Each structure stands twice: as C-alpha cells, then as structure tokens.
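What follows is each chain in one-letter form.
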Amino acid sequence: MNKKERLVDLDDKHSLHPFTNFHDLKRQGPRIIVEAYDNRVKDIDGKEYIDAFSGSWNVAIGHGRREVADAIKQQMDKLEYFSPFFRFTNPPAIELAEKVVSLMPQDWNMGHVLFTCGGSETNDTIFKICRMYWELKGKSQKKKIISRRFGYHGVTMGSLSATGIDLFKMYFEPPASSDFTHIMAPYCYRCEAGVEASNCDLECAGQLEEAIRREGPDTVAAFIGEPVIGAGGVVPPHEGYWSKVREICDKYDVLLIADEVITGFGRTGKMFGSMHWNLRPDIVAVAKSITSGYFPLGGAVINNDIYGTMQKDLPEFMPFLHGYTYNNHPVGCAAGLANLKYIEENRLVENAARMGAYLEEKLQRLYAHPSVGDIRVMGLMAAVEIVKDRQTKEQIGALPMDSTHRIEELTYERGVFARAGLENMELAPPLTITEEEIDKIVDALDSAIPQMESEML
Ligand SMILES: Cc1ncc(COP(=O)(O)O)c(C=O)c1O
C-alpha cells in the first residue's frame, strides 16, 4: 500500500465525515487536501484547485499566510492555554475583544466579547444570554427565539433549533425546545408571499410582527438573522427590510441578533454585513473570518446595556454560570489579532467590494444556460441558483441538490472548488482573490453547468 492507499483505507475504517454523503464517500473516496497557499489548495495527488469557497466561507486572507502562523507559534511558545474561568484571562483575549468592538460602528454601543470555538457555540451562548438578560429585567417569560426559513445558525441543538433549513434537521428532530419559531425569509426570487420584487411591501419583515403578536410579545426574547443569508442560498434582503425589522424589535422589546458568522470582517465588501443597511444589532455573532480558519474561534459580542444588566443585576453570589473550556483561547485570539491586522493592512475589505463587483459582472454570462434561474452577489459571496424551468423554478432531479452536487463535481474536475448549497452553487473566494482567478472560476462553471444540463435535463 502506498501512503495515499493507506490513508484512504484508514479513513474508511475510522473517520466520520461531517456534511458528507456516505454513498459518495464509498464510491469516490475522501478528498485529501495536503497543502494550501494564497487562493489555492493541493490534494494528495498533487492536483491544484482554486479555492472558490474559502474553505468554508472563512479563509478570508487566503491560505498559508506566515504572519498568522508566526503569531500562533509565538503564542504557543509563551502560553498555550490556561483556564478562562474564575477571573483568569490572557493578553490576546483582552486585546482581541477590544479590537473586535473597535471595528463596529459606535452607535451599536457594543462593549464585551466572549470568544468561543465557532459559530454554533456562539449562537447557543447568545440564546442563553438573551434569556438571562430578560430574566434580570423582570421579564422572565421572554424565552422564545424567532428566526427565518433558509437561515443557518449552526447545528448544535440550540443553534439547529434556530436554523431554518428543514433538510438539516431530518433525523435530528425534535428541536431543543419548542421556543423556536420561524418566519419567511426575504428571498425575493422565491417570495413566499408570491409578490414581485417591484411590488414588494416587505411582508417578510411584517411576518416578524405577526409572529411576535401570535406568540405573545411577553414571551419573545430575540430575533436572529444573518444580514445576508449565507448557506440558505446567499440571499441579500430587499432595501428597507432591516430598518423595518429593527423598528418591530424596538416596538415589542425584542433583542436583535445579527448572525455575522459569514458576513463579518469584510466578506460583503464592508467590515460587517449589517453596515450595508445601517442596521444596529443588540448582539452580534462572529466566527469564521475572525481567524480565517487558522484556529477555531467565534465570539458573542454584546452591547453595553446587556453587559451592564448582567453585571449589575445578577445576585452577589451568582457568577455568569456559562462557559466552555476553550473560551477566550490565547492561541485562537492571537491568531485573530494577526488575521485582522492582515485584513486591515492589505485593505481586503475594499478588495472584497472591488472583486465582488467584478465577480458579479462576470457571472452574468451564466444566464446563457437555461438552468440558471437567478444569480445573487453581495461582495464576495455569491449564489447561482439552478432550476429545471425558469417559470416553475422546480429543482432538477428527484432528490434535493442532485444537480448542484453534479456541478460541484464537474467544477472540481476543472480545478475549482465551488460548493453546492441546496439548489445553488455557492461562491465565497478569499478576499485576496484576483481577477484572473475569478475568470477561471467563472469559466469552470460556464463549462460544468451545460455538461450537467446535458446529463440531467
Ligand atoms: C451564519 C452562520 N451562523 C452560524 C454558523 C455555524 O458556525 P460553525 O460551523 O462554526 O459552528 C454558520 C456556519 O456556516 C453560519 O454560516
């Protein structure tokens, strides 16, 4: 057995792959990636691919940046870990909290950050903070979380309950509690209200008010939404959506959580997605691009009112009794500081806006293929929605994601990793992507899509 055969054999015997189809894995084997640099990765056979999805939406600065690796090594040499509980902390955690808050608009009035290991943990943490906040405010019935269909907030029991993609819940029902409710998404292409975008009266935002009134305003703790829905199909909302949501949250005393796990730190062409609509959240979930994947890290960012309430109103004997072993990890926070420095010094947020405009322009030619129903782009996150028929917008194939999985395979054969997400091909290249690489990504899709059509339509 050579090295690759040995690894494939061991993988087959012992690895459980997340978000992986068992039959595909048996048939095609694992895709073993061994190296990465800039906007490219290399597999065990030495074949190179353009990373058109930043790993998992997260490798904002591109692969192999020495600056972050060095910061990790230096921190490892000095302090690899100590307990984050009982008042202990470390310099990188303190400095990164200050840095993250300083990147947010002042009127958000953000103050404090608890770092976690990723997005799901962050959202679970936030839901608990919301409950604690309302209980301390004397509104102990306020427990419920409202989110949207097509929203993705993670897969731990709490965050999965808020996630609005039914496919991801199959076999894992019931949710953590019945205190999670979903409303329609601002998904104009598939508007549940059946309204054309030109006649939109923001019924999707109006549904939030209906849901709050139906559930009872005294029972609703928070609304959570991604400024731009990501895994559910890259769905930027209609103009006016977020201001209406903010208004409704204020009217009924409901906390507004912006899940910026994908959109945070430049992906959409602004530092935070909420900034496109002057949205002022009460709590922000961050993860992914905070370290560009060089170390697992997320963070719950809360405003001064929430922190002040917990600090002032918890009984004297009572600590904030929530925490994970790896909260405020010194190495993760050192990676975060070096990563954010790289983003700022290399003006990657501006590059995301510029390259996003270029990507949007180049993607338009895919409309020449009959299965391309819609193309949505917001900075460097994009979706190409695949349909059997532009009129009916039905999916191709009997099973969900049949066609997009096939396009993903065909694109991969052409040296580009783009991801199948529901009935969309999702793109989220590193913020360091170049025009030449974008041309190659679009070329690969432009030849993969008609091949899929000839096989499946
Ligand atoms: C918007 C959003 N929230 C939360 C999560 C969950 O993050 P993680 O996979 O790090 O748990 C994701 C992951 O893709 C996400 O896109």
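Along each chain, numbering runs from 1 in the same order as the chain's sequence is written. Local features are withheld for residues below a pLDDT of 70 in this predicted model, meaning they are given only at 70 or higher, and side-chain atom pairs are given and counted only at 80 or more; totals for whole chains, interfaces and linings count all residues. Derived side-chain values reflect all non-hydrogen atoms in the structure, with water molecules and hydrogen atoms excluded from consideration.

1. Notes on the overall build of the protein chain
In step 1: Runs of H or I in DSSP of at least four residues are treated as helices and runs of E of at least two as strands, each being numbered from the N terminus. For the protein chain, the helix and strand inventory stands at 14 helices and 15 strands.
In step 2: Only C-alpha atoms enter the radius of gyration, while the globule expectation follows 2.2 Å times N to the 0.38, with N the number of residues. In terms of C-alpha radius of gyration, the protein chain reaches 22 Å, essentially the compact-globule figure of 23 Å for 457 residues.
In step 3: C-alpha atoms of the protein chain, sized along the principal axes, occupy 65 × 60 × 45 Å.
In step 4: For every residue, the accessible area obtained with a 1.4 Å probe (protein chains only) is divided by the maximum for its type, and the residue is called buried under 20%, exposed over 50%, and partly exposed between those limits. Buried residues in the protein chain amount to 53% of all 457 residues.

2. Things to note about the nonpolar core
In step 1: Residues belong to one nonpolar core when they are buried, are Ala, Val, Leu, Ile, Met, Phe, Trp, Tyr or Cys, and are joined through side-chain atoms within 4.5 Å. If you look at the biggest cluster of nonpolar residues, it comprises 72 residues, and the most contacted ones within it are Phe265 and Leu363.
In step 2: Element by element, the count of residues in this core is highest for helix H14 (residues 435-456), at eight residues.
In step 3: One finds Phe53, Ile212, Cys249 and Tyr412 within the second-largest nonpolar core, a separate group that totals 35 residues.

3. Quick notes on the layout of surface pockets
In step 1: Computed from the structure, the second largest pocket encloses a volume of approximately 1000 Å³.
In step 2: Definitions used for this entry: grid spacing 1 Å over protein atoms alone; cavity, a set of points where a 1.4 Å probe fits but cannot get out; pocket, an open set with protein on both sides within 12 Å along at least 5 of 7 lines; lining residue, one with an atom within 4 Å of a point. Taken together, 30 residues make up the lining of the second largest pocket; nearest its centre are Pro84, Leu114, Tyr307, Phe320 and Asn328.
In step 3: Those elements that provide at least two residues to the lining of the second largest pocket are helix H5 (91-103), strand S4 (110-116), strand S10 (298-303) and helix H10 (304-313).
In step 4: Residue contributions to the lining of the second largest pocket peak at four residues, all from S4. Grid points are joined across faces, edges and corners, and a volume is the space filled by probe spheres set on the points.

4. Focus: the site of the ligand
In step 1: Being near a molecule or strand, for a residue, comes down to having at least one heavy atom within 4 Å of it. In the vicinity of the ligand, the contacting residues are Gly118, Gly119, Ser120, Asn123, Tyr152, His153, Gly154, Glu226, Asp259, Val261, Ile262 and Lys288.
In step 2: Between serine 120 and the ligand, the recorded distance is 2.6 Å, taken from a side-chain N or O atom to an oxygen atom.
In step 3: Here a polar contact is recorded for every N or O atom pair within 3.5 Å, except that within protein the pair must consist of a potential hydrogen donor and a potential acceptor, and residues adjacent in sequence are included only if both atoms are side-chain atoms. In the model, an oxygen atom of the ligand is placed 3.0 Å from a nitrogen or oxygen of the lysine 288 side chain.
In step 4: Residue exposure ignores everything except the shown protein chains as possible cover, and the areas themselves are Shrake-Rupley values with a 1.4 Å probe. Compared with its free state, where it exposes 390 Å², the ligand has 81% of that area covered by protein.
In step 5: Considering every element that reaches the shell around the ligand, the biggest residue donor is helix H6 (residues 119-136), with three residues.
In step 6: Lys, Arg, Asp and Glu make up the charged group, whereas Ala, Val, Leu, Ile, Met, Phe, Trp, Tyr, Cys and Pro make up the nonpolar group; the residues left over, Gly among them, are polar. Classifying every residue of the shell around the ligand by side-chain character gives three nonpolar, six polar and three charged.

5. Some details on the sheet that holds strand S9 (residues 283-286)
In step 1: Here the rule is simple: two strands pair whenever DSSP picks up at least two bridges between them. An order of S4-S10-S9-S8-S7-S5-S6 is seen for the seven strands of this open sheet, with the pairing classed as mixed. Lying at the two open borders of the sheet, with one neighbouring strand each, are S4 and strand S6 (180-183). In this sheet, adjacent strand axes meet at a mean angle of 20° when their direction is disregarded.
In step 2: With three bridges connecting them, strand S8 (residues 255-259) and S9 associate as parallel partners. Following the sheet pairing, isoleucine 257 is matched in S9 by isoleucine 283.
In step 3: Contacts are assigned to residue pairs that have any heavy atoms within 4.5 Å of one another. As a rule, the C-alpha atoms of each element are fitted with a line to give its axis, helices using only the stretch in contact, and angles between N-to-C directions run from 0 to 180 degrees. Packed onto the sheet, helix H9 (residues 241-251) meets strand S5 (144-148), strand S7 (220-225) and S8 and runs at close to 170° relative to S7.

6. Looking at a nonpolar patch on the surface
In step 1: A contiguous nonpolar patch, built from Phe82, Phe85, Phe86 and Phe88 and spanning about 450 Å² of accessible area, is present on the exposed surface.
In step 2: On the basis of relative accessible area, phenylalanine 88 is assigned to the partly exposed category, the value being 41%. The patches reported here contain residues having more than 30% relative accessible area and no salt bridge. Joining distances are 9 Å for like charges and 5 Å for nonpolar side chains (Val, Leu, Ile, Met, Phe, Trp, Tyr). Any Lys or Arg side-chain nitrogen located within 4 Å of an Asp or Glu carboxyl oxygen qualifies as a salt bridge.

7. Describing the packing of aromatic side chains
In step 1: Any two of the Phe, Tyr and Trp rings considered here, Trp counted by its six-membered ring, make a pair once their centres fall within 6.5 Å; the pair's planes then place it as stacked at under 30 degrees, edge-to-face at over 60, or tilted in between. Scanning the entire structure with this criterion turns up 16 aromatic pairs.
In step 2: Aromatic side chains phenylalanine 19 and phenylalanine 168 sit 5.3 Å apart centroid to centroid with 70° between the ring planes, which places their arrangement in the edge-to-face category. Placement of phenylalanine 19 in the loop between helix H1 (3-14) and helix H2 (22-28) and of phenylalanine 168 in the loop between helix H7 (157-162) and S6 is noted, with a sequence separation of 149 residues between them.
In step 3: Put simply, the rings of Tyr49, Phe53, Trp57, Tyr412 and Phe417 touch in pairs and so form one group of aromatic residues.
In step 4: Note on geometry: a ring has a charge over it if NZ (lysine) or CZ (arginine) is within 6 Å of the ring centre and within 35 degrees of the ring normal. When the ring centre of tyrosine 412 is taken as origin, the NZ or CZ atom of arginine 31, which lies over that ring, is 4.5 Å away.
In step 5: The ring centre of tryptophan 134 lies 4.9 Å from the NZ or CZ of lysine 142, which sits over that ring.

8. Comments concerning empty space enclosed by the protein
Space left empty within the atom packing is revealed by a probe, the size of a water molecule, rolled over the atoms.
In step 1: Following the criterion strictly, the structure yields three cavities of 30 Å³ or more and no others.
In step 2: If you add up the space inside the largest cavity, you get close to 110 Å³.
In step 3: Lining the largest cavity are 16 residues, and of these Met184, Cys191, Val195, Cys200 and Cys204 sit closest to its centre.
In step 4: In the lining of the largest cavity, the residues fall into twelve nonpolar, one polar and three charged.

9. Points about the side chain of glutamate 423
In step 1: Along the chain, the position of glutamate 423 falls in the loop between strand S14 (419-421) and strand S15 (424-427).
In step 2: When charges are tallied, Lys and Arg are placed among the positive residues and Asp and Glu among the negative ones, while His and the ends of the chain are skipped. It turns out glutamate 423 is buried and unbridged, and the closest side chain with the opposite charge, arginine 190, is 7.2 Å from it.
In step 3: Residue contacts for glutamate 423: discarding those within four places in its chain leaves Val384, Glu385, Ile386, Gln395, Pro400, Met401, Ser403 and Thr404.

10. Considering the packing of H5 against helix H11 (residues 330-345)
In step 1: Where H5 meets H11, the closest approach of the two axes is 8 Å, and the angle between their N-to-C directions is 40°. The hand of the H5/H11 crossing is left-handed. For the pair H5 and H11, the contacting residues are Pro92, Ala93, Glu95, Leu96, Lys99, Val100 and Leu103 in the first and Pro330, Cys333, Ala334, Gly336, Leu337, Leu340 and Glu344 in the second.
In step 2: Counted by class, the contact of H5 with H11 contains ten nonpolar, one polar and three charged residues. The crossing is said to be left-handed when, going from far helix to near helix, the turn is anticlockwise and less than a right angle, and right-handed when the turn is clockwise.

11. Side note on the domain arrangement of the protein chain
In step 1: What fixes the domain bounds is an automatic or database domain assignment. Domains assigned within the protein chain are domain 1 (31-61 + 347-456) and domain 2 (69-345).
In step 2: With centres defined by C-alpha atoms, the gap from domain 1 to domain 2 works out at 27 Å.
In step 3: In this assembly, 34 residues from domain 1 lie in contact with 36 residues from domain 2.
In step 4: The contact between domain 1 and domain 2 buries some 2800 Å² in all, and 64% of this surface belongs to carbon and sulfur atoms.
In step 5: The tally of links between domain 1 and domain 2 comes to one salt bridge.
In step 6: Of the charged contacts, one joins arginine 190 and glutamate 385 as a salt bridge, the two residues approaching to 2.6 Å between their closest N and O atoms.
In step 7: Our count for the domain 1 to domain 2 interface comes out at 17 residue pairs in polar contact (both at pLDDT 80 or more).
In step 8: If you list the elements that add at least two residues to the side of domain 1 that touches domain 2, you get helix H3 (54-57), helix H12 (348-363), strand S11 (372-378), strand S12 (381-386) and S15.
In step 9: Each residue belonging to the side of domain 1 that touches domain 2 can be placed in one class, and the counts come to 21 nonpolar, six polar and seven charged. Computed with a 1.4 Å rolling probe, the buried area is the accessible surface lost when two parts are put together, summed over both parts.

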